[in-house]
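Listed below are the residues making up each chain.
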Amino acid sequence: MPMFVDTSPPGQCIFCKLVAGEIPAATIYEDALTIAFMDIGQVNPGHVLVATKRHAVTLLELTPAECAAVMQTAQRVAVAAEQVFGPDGITLFQANGAAGGQTVFHFHMHMLPRHVDDGMHLTWPRKEPGMAVLQGYAERLRTALAAAEAA
């Protein structure tokens, strides 16, 4: 992943400036909750960022309505990219926190038209902890989900 990092001064956000119309953008779609614009660092033609209009740093700060709107906008943009650019595939990519690969700290998702041998790779080491460990992880997550629903 290219290492563009938002160097805006503290308390300022490059995507908030874009949403407010304070800086130029190649905007292709917007609705009440989202904005979709071309990524300045195009991986392939049609690389689009879908961001929330409201400033939220990560997925964990979004409302359920914002989560749904981002995915709906990403789908709408992907359909258009499929028609216009005819990619071999499409990758949706979203990162949270510096350790997760996030470099602009305003929630956004990349919609990437993909082509065979386009040079983009999403890889990770495969770990196989075993079914007993997976069941333990699953139980912990079910408990957290149940507690959140009860609250």
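Residues numbered from 1 in each chain as written. Predicted model: local features only at pLDDT ≥ 70, side-chain atom pairs only at ≥ 80, totals over all residues. Heavy atoms only, no water.

Trainee: Give a detailed account of the overall build of the protein chain, specifying residues and quantitative values.
Mentor: The number of helices and strands found in the protein chain is 3 helices and 5 strands. Helices (α) and strands (β) of the protein chain occur, in sequence order from the N terminus, as α-β-β-β-α-β-β-α. Scored against the burial criterion, the 151 residues of the protein chain give a buried share of 30%. The contacts of the protein chain with a sequence gap of at least 6 include a subset with a gap of at least 24, amounting to 53%. (Helix = DSSP H or I, 4+ residues; strand = E, 2+ residues; numbered from the N terminus. Buried < 20%, exposed > 50% of the residue type's maximum accessible area, 1.4 Å probe, protein only. Contact = heavy atoms within 4.5 Å.)

Trainee: Which residues make up the sheet that holds strand β2 (residues 34-38), and what values do they have?
Mentor: Read from one edge of the open sheet, 5 strands run β1-β2-β3-β5-β4, paired in antiparallel fashion. At either margin of the open sheet sits one strand with a lone partner, and together these are β1 (27-30) and β4 (89-93). On average, each strand axis in the sheet is inclined to that of its neighbour by 20°, with strand direction left out of account. Taken strand by strand, helix α2 (residues 64-85) contacts β1, β2, β3 (48-52), β4 and β5 (108-114), and its axis lies near 20° from that of β5. (Pairing = 2+ DSSP bridges. Axes fitted to C-alpha atoms, helices over the stretch in contact; angles between N-to-C directions.)

Trainee: I'd love a proper account of the nonpolar core, names of residues and values included.
Mentor: Ranked by internal contacts, the top residues of the largest apolar core, which has 13 residues, are Ala36, Val48, Val50, Val70, Val77 and Met111. For this core, the secondary structure elements donating two or more residues are β3, α2 and β5. Ranked by the residues each element gives to this core, the list is headed by α2, at 5 residues. In this structure Val70 touches Thr34, Val50, Thr52, Phe107 and Met109, once residues within four positions along its chain are discounted. Core analysis: the second largest hydrophobic core is formed by 8 residues, Cys13, Leu18, Ile35 and Val104 among them. (Core = buried A, V, L, I, M, F, W, Y, C linked by side-chain atoms within 4.5 Å.)

Trainee: I'd love a proper account of the pairing of β2, names of residues and values included.
Mentor: Counting buried positions along β2 yields 4 of 5 residues, so the element is predominantly enclosed. With 3 bridges connecting them, β1 and β2 associate as antiparallel partners. Paired with Glu30 across the strands is Ile35, a residue of β2. As defined by bridge partners, β2 adjoins β3 across 5 bridges and the pair is classed as antiparallel. Note on β3: the bridge partner recorded for Thr34 is Thr52.

Trainee: Describe α2, and please don't skip the residues or the numbers.
Mentor: Helix length check: α2, at 22 residues, gives a terminal C-alpha distance of 31 Å against a target of 32 Å (1.5 Å per residue), a fit within 8%. Just downstream of α2 lies Gly86, where phi reads positive at about 55°. (Expected span 1.5 Å × (residues − 1).)

Trainee: Tell me what's going on with the environment of Pro45, and back it up with residues and numbers.
Mentor: Along the chain, the position of Pro45 falls in the loop between β2 and β3. The sequence separation of Pro45 and Ala65 amounts to 20 residues, and the corresponding C-alpha distance is 29 Å. Setting aside its immediate chain neighbours within four residues, Pro45 contacts Phe85 and Pro113.

Trainee: Can you break down the pattern of salt bridges residue by residue, with the values?
Mentor: Pairs may arise between side chains of opposite charge once their charged atoms sit close together. Counted by the stated rule, this structure contains 5 salt bridges. Of the charged contacts in the structure, one is a salt bridge between Glu139 and Arg142, with a shortest N-O distance of 2.9 Å. One end of the pair, Glu139, and the other, Arg142, are both in helix α3 (residues 131-150), 3 residues apart, so they sit about a helical turn from each other. The partly exposed category is assigned to Glu139, whose relative accessible area is 40%. (Salt bridge = Lys/Arg side-chain N within 4 Å of Asp/Glu carboxyl O.)

Trainee: Could you give an account of unusual backbone geometry, naming the residues involved and the relevant values?
Mentor: In this structure, Asp117 is a non-glycine residue whose phi angle is positive, near 60°. Relative to the helices and strands, Asp117 is located in the loop between β5 and α3.

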